[in-house]
Amino acid sequence: MDKDATQAEEKQNTNLEEVVRQQTVRRNILLTTPALVVLFIAASGPLLVMFLFSFLTPGDYGGVKWEASTQAWFQVFFHTDIFDDTVSIADAHLSILWRSVKLSGLTTILCFVLGFPTAYFIATRPAESRNFWLFLVTIPFWTNLLIRTFAVLEIIRNAGVINSFLLAIGVIDAPLDMLYTDTAILLGMTYVYIPLMILPIYASLERFDFRLVEAGYDLYASRLKVLKRIIVPLIKPGVIAGSILVFIPSLGAYVTPRILGGGKNLMLGNLIELQFGQGRNWPLGAALSLTLLAIVMIALIFYVRSAQRAGAGKDS
Amino acid sequence: MKKSFTPVVAGLSLLLAGSVANAAGELNLYNWGNYTSPELIEKFEKKFDVKVTITDYDSNETALAKVRAGGHGFDMAVPSHSHVPIWVQEGLVTNARVDQMENFKHVDDQWRDPVWDPGRQYSAPWQWGSVGVIVDTSVYSGDINTSSLVFDPPEELIGKINVPPEMLDVIHTAVLYLGGEACTGDKDLLRKVRDKLVEAKPKWKSMDYGMIEKFAGRDVAASLYWNGAAFRAKEKNTDVRFGYPVEGYGLWADAVVLLKDAKNVENARAFMNFIMEPENAALMSAFARYANSIKGSEAFMPDDMKTAPEVIIPEEFRAAGQFYPTCAPEVQKLYTAIWTELQK
Amino acid sequence: MYAVRSGPVLVKIANMMFKQKFSVTRMPGFSVVAMICFFALYMPLAPLVIYSFNEGNNIALWEGFSLRWYGSAWENELVQGAAIRSLIIASFASVFATIFATMAALGTTRTKPYRGQMTIYAMINQPLMVPEIVTAVALLILFALIKQATNYHGFAYLIIAHTAFCIPFAYLPIKARLEGMDNTLEIAAADLYARPFKTFRRITLPLLLPGIFAGAMLAFVISLDDVVITEFVKSAGQDTLPTYMLGQLRRAITPEINAISTVLLGVSVLLVTLIFFMSRKRGN
């Protein structure tokens, strides 16, 4: 083929591509606008208010005074001893952060371990009964969070169902002290958040083409290998969506840790709540929550970048 | 009262208005949850042909934040005594001249001129109570009128103690226990308070609410808590007693205030006057199980409340009780720091 | 076949119930875990339902059978109003959130990365990342200004606030479904000169439906559950069931709440049964 003709054709193609690309971008922006407008009013806008608050002085009885101050940000990271005024790293905040990350991570893992097989089970039901099973997952959540948490409390307390049962069959001699422990928080948060894991995994499993699995078996792959090499990679978006939906809200969880954990140790959500309530330090509460946001954002950006790179790698 | 109820109609009208005004007037009361006697409200509605809408809050801080922000639509609220001066100072309430209302004559002498509302001009009395120690005497049979049960617990109670997640109640009680005064900024004393709390915390089981059930189910054996809960827990677990710590304990009172941006001022004033009538005050107490401040209301009270030591403080313990003042912001900061360190 | 020691009976029951024969879709132990999971989901509901029939006024101490709390809930305008408001808000919020989330998912998935996409992701997921109390306090202040300016105190504030925090919950399952849903069918339709909207309605939407369904359900229950934001945004007379209950936390929670929750559970069970039979019919 003639060299010039090829070049011209390429040029025309790029022009066309450019037009299509612009159209797609316009379409994408139009499609996302309604969501973004609502989010701006009731999520991002408030966050801007909080950003502003974090640089103000706490009001005497809650609220803020319109005097600029960086004290709140200082307090997030450094602790000034109230008795001898020595400054040190804010270890109270660090240990609370660490406890929250640890418990949220464990909650996410537990939700996955229980939720993935459940989602898989639902997705492999006959098409017409899948919605039924899905509803079965969400029914318990028609009761509200508080009463659900109390229900869990009822189950795990000393005179509760689990202990009575274990005592009756003779597995244990004395009731297990589960209430008011980290285990209780873990169980409670798993109970509260598990649908957030099951539903996204289900959504990506549902369109899963089981002929791929069949092909795997034809090639003498073991079940475990099929699971690891075929199913899990293909439903990864669902797993990731589920993990985000479980992990991040657990980080800021507040009701469940307080009721099941006995409130002796704070989680991040409780610490922030304390500043807006009894602590009367709104700027610190704002700064603490922006710090939490930054941590989560950085983690998410890393994830999206690596996912994009992995995606790009797959395409080429 | 039997009424026909159609969800659809109710739902639609709720959507359209927010509150349905069949009656001549309206009144929007903002109060603690499960604290307002429905009978009292019904009686008021009938008498004045006013539709009363009740909205709940769960803490003084939430109530203050909402009312301060404005645009809430409430006519009156029921803050605790320690918050009344804040509401007045922040200009959130109108001086209703409660002291000049017709039924003010029924208010008991000791409530006519409280420190938090001198001359009782702003607030009408709602209910009051105390923060002492609830003890399951089947677990611990010694003297219960001491806060050492919480801060230096005897062997029998270790690991069975609860402390409510109420920063000020806990720290004030500890300050009094160590010989200080409420709202003290004395750092030497506060250091002792912190050390005492940090030392005591491992001996506690929880820092939680919901003590009526916990005592009934014998999950905890001692708790710093409110007297009304002790009264109710005793109905379920007859071993429960309420102690008034001799080292000093807190009293609290909730009071009805008229909000500055109220739309139904006349109805609100009528309500304030209404609840100071002995019969009505008794209705209030019979529902929420706390004492009121109205002379002559005893006659209308349920029998079990007339003599209960949880409701009527025995003479010998009266002196140790006090209303905690509103702490200065600097002091509040110290307390928050101690509280955070305690729960890290 | 694999011997699953952890619960052969359960497997057998599961197999009997679902006429599951050996097939490529089967994973050993998965059905057992799923059954355990369903059991665990429903076990804590038992005391909840049981205590709704408690004679005594306590949610944790059994004092005999009675319907008194159902009667008291029936007579309690506060509880009823709260329950109805909860359902109304959840319905509006989940419908809006699902529609917006579906559109947003279509606009951010299966497309070449474009400028601003990162910001859009961040905005959509933001309600997840900020503890509720923070949004609640800020919304209180923002909405209070609007309320004072417009003198409108209706439900719109709560619906907007709920829609916003429901969006990520609806968005993520829909996006997960869309990702990797290959677009050969859509391209084929376009090749056959189907208009874009028709392609969407006839091909994309049906394929996307399970994701949308999952997202809508999540949004609904998330809205139904919300306490903190509602507590701060509500105006006079706008208590929902969770805020009504929160108000009781410091005092005493009575089985009235159990009764109303049981009724809600009953309604949802009824709905599920209805859907089950409807889909059955369609399936046949």
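A quick note: this is a predicted structure, and the numbers were derived from the prediction, not measured.

1. Observations regarding the overall build of chain B
The helix and strand tally for chain B stands at 13 helices and 10 strands. Over its C-alpha atoms chain B spans a radius of gyration of 21 Å, differing by no more than 12% from the 20 Å that the globule rule assigns to 344 residues. When its C-alpha atoms are laid out on the principal axes, chain B stretches across 60 × 45 × 45 Å. Looking at chain B residue by residue over its 344 residues, the buried ones come to 61%. The long-range share in chain B, meaning contacts at least 24 apart out of those at least 6 apart in sequence, stands at 74%. Of the accessible surface of chain B, which amounts to about 12,500 Å², a share of 52% is contributed by carbon and sulfur atoms. Where the 36 positive side-chain charges of chain B centre and where its 47 negative ones centre are 3 Å apart.

2. With respect to the confidence of the model for chain B
Detailed reading of predicted coordinates is not advised where the pLDDT is low. Residues and elements named next belong to chain B. Overall, the predicted model of chain B reaches an average pLDDT of 88, with 93% of residues at or above 70. Per-element confidence in chain B ranges from a low mean pLDDT of 44 for helix 1 (residues 7–16) to a high of 96 for strand 3 (residues 76–77). Between residues 1–21, whose pLDDT stays under 50, and residues either more than four places distant or in other chains, the model counts 30 contacts.

3. Thoughts on the interface of chain A and chain B
With 33 residues of chain A at the interface, the matching set in chain B holds 42 residues. Together, the buried faces of chain A and chain B total about 3,300 Å²; carbon and sulfur atoms form 53% of this surface. The interface formed by chain A and chain B holds 1 salt bridge in total. Here Lys344(B) makes a salt bridge to Asp91(A), at a shortest N to O gap of 3.1 Å. Run the count over chain A and chain B and you get 15 residue pairs in polar contact (both at pLDDT 80 or more). Where the side of chain A that touches chain B is concerned, the elements lending two or more residues are helix 3 (91–123), helix 11 (255–260) and helix 12 (268–276) of chain A. Among the elements that take part in the side of chain A that touches chain B, helix 3 of chain A stands out by supplying 5 residues, more than any other. Considered class by class, the residues forming the side of chain A that touches chain B number 12 nonpolar, 12 polar and 9 charged.

4. Observations concerning the interface of chain A and chain C
Taken residue by residue, the interface counts 101 residues in chain A and 103 residues in chain C. Summing both sides of the interface, chain A and chain C together bury roughly 9,400 Å²; the carbon and sulfur share of this comes to 80%. The largest share of the area that chain A buries against chain C comes from Phe135(A), Trp142(A) and Arg223(A), three residues that together contribute 10% of it. We note a salt bridge from Asp225(C) to Arg148(A), for which the minimum N-O separation is 2.8 Å. Where chain A meets chain C, there are 7 residue pairs in polar contact (both at pLDDT 80 or more).

5. Considerations on the confidence of the model for chain C
Residues and elements named next belong to chain C. Of all residues in chain C, 86% have pLDDT values of 70 or greater, and the mean over the chain is 81. In this model residues 1–7 is a low-confidence stretch, pLDDT under 50, and it forms 9 contacts with partners more than four residues away in sequence or in other chains. Model confidence for the complex: the whole-complex pTM is 0.84, and ipTM, which rates the interface, is 0.82.

6. Focus: the packing of aromatic side chains
In this structure the tally under the stated criterion is 39 aromatic pairs over all chains. Where Phe92(C) meets Phe96(C), the ring centres are 6.2 Å apart and the plane angle is 40 degrees; that geometry is what we call tilted. Of this pair, Phe92(C) and Phe96(C) are both found in helix 5 (residues 77–108), 4 residues apart, which corresponds to roughly one turn of the helix. A residue is classified by how much of its surface remains accessible, and Phe96(C), at 34% relative accessible area, is partly exposed. Each member of the aromatic cluster is reached from another via a ring pair, and the members are Phe112(A), Phe116(A), Tyr120(A) and Phe30(C).

7. Here we look at the nonpolar core
Ranked by internal contacts, the top residues of the largest apolar core, which has 299 residues, are Leu205(A), Ile231(A), Trp87(B), Leu197(B), Trp204(B) and Phe271(B). Ignoring anything within four residues of it in the chain, the contact list for Trp87(B) reads Ala63(B), Leu64(B), Val67(B), Ala77(B), Pro79(B), Leu92(B), Val93(B), Val257(B) and Leu259(B).

8. Considering the pattern of salt bridges
Residue and element names in this part refer to chain B. This structure, assessed with the given rule, holds 23 salt bridges over all chains. The salt bridge partner of Lys 196 is Glu 199, with a shortest N-O separation of 3.7 Å. Within this pair, Lys 196 and its partner Glu 199 are both found in helix 7 (residues 187–200), separated by 3 residues, close to a single helical turn. Each of Asp 152, Lys 196, Glu 199 and Lys 203 takes part in one network of salt bridges that share partners.

9. Some points on the side chain of Asn31(B)
Residue and element names in this part refer to chain B. Assignment of secondary structure puts Asn 31 in strand 1 (residues 25–32). Of the residues examined, Asn 31 reaches a relative accessible area of 0% and is grouped as buried. Only 3.1 Å separates the side chain of Asn 31 from the side chain of Thr 36, close enough to count as a polar contact. Excluding residues that lie within four positions of it along the chain, Asn 31 makes contacts with Thr 36, Thr 55, Asp 56, Tyr 57, Val 78 and Trp 126.

10. A look at the domain arrangement of chain B
Residue and element names in this part refer to chain B. Here the domain parsing of chain B yields domain 1 (20–128 + 252–306) and domain 2 (129–251 + 314–342). Taking only C-alpha atoms into account, the centre of domain 1 sits 28 Å from that of domain 2. Together domain 1 and domain 2 conceal approximately 1,100 Å² of surface at their shared face, both sides included; 57% is due to carbon and sulfur atoms. In this assembly, domain 1 and domain 2 are joined by 1 salt bridge. The set of elements that each furnish at least two residues to the side of domain 1 that touches domain 2 consists of helix 4 (84–89), strand 9 (249–258), helix 11 (278–288) and helix 12 (303–306). Looking at side-chain class alone, the side of domain 1 that touches domain 2 contains 11 nonpolar, 2 polar and 2 charged residues.

11. Quick notes on the packing of helix 3 of chain A against helix 2 (residues 30–42) of chain C
For any two helices packed against each other, the geometry is given by the interaxial angle and the distance between the axes. Taken N-terminus to C-terminus, the directions of helix 3 of chain A and helix 2 of chain C make an angle of 110 degrees; their axes are 8 Å apart at the nearest point. Here helix 3 of chain A lies roughly perpendicular to helix 2 of chain C, going by the angle between them. Residues Val113(A), Leu114(A), Phe116(A), Pro117(A), Thr118(A), Tyr120(A), Phe121(A) and Ile122(A) of helix 3 of chain A touch helix 2 of chain C, and the partners they reach there are Phe30(C), Ser31(C), Val33(C), Ala34(C), Met35(C), Cys37(C) and Phe38(C). Residue composition of the contact of helix 3 of chain A with helix 2 of chain C, grouped by class: 13 nonpolar, 2 polar and no charged.

Criteria and cut-off values
- Residues numbered from 1 in each chain as written.
- Chains lettered and ligands numbered in written order.
- Predicted model: local features only at pLDDT ≥ 70, side-chain atom pairs only at ≥ 80, totals over all residues.
- Heavy atoms only, no water.
- Helix = DSSP H or I, 4+ residues; strand = E, 2+ residues; numbered from the N terminus.
- Rg over C-alpha atoms; globule rule 2.2 N^0.38 Å.
- Buried < 20%, exposed > 50% of the residue type's maximum accessible area, 1.4 Å probe, protein only.
- Contact = heavy atoms within 4.5 Å.
- Areas by Shrake-Rupley, 256 points an atom, 1.4 Å probe, with all protein chains shown as cover.
- Lys, Arg positive; Asp, Glu negative; His and termini not counted.
- Charge placed at Lys NZ, Arg CZ, Asp CG, Glu CD.
- pLDDT = per-residue confidence, 0-100.
- Buried area = accessible area lost by both parts, 1.4 Å probe.
- Salt bridge = Lys/Arg side-chain N within 4 Å of Asp/Glu carboxyl O.
- Polar contact = N/O pair within 3.5 Å; in protein donor to acceptor, adjacent residues only side chain to side chain.
- Nonpolar A, V, L, I, M, F, W, Y, C, P; charged D, E, K, R; others polar.
- Phe/Tyr/Trp six-rings, centres within 6.5 Å; stacked < 30°, edge-to-face > 60°.
- Core = buried A, V, L, I, M, F, W, Y, C linked by side-chain atoms within 4.5 Å.
- Domains from an automatic or database assignment.
- Axes fitted to C-alpha atoms, helices over the stretch in contact; angles between N-to-C directions.
- Parallel < 35°, antiparallel > 145°, perpendicular 65-115°, else oblique.

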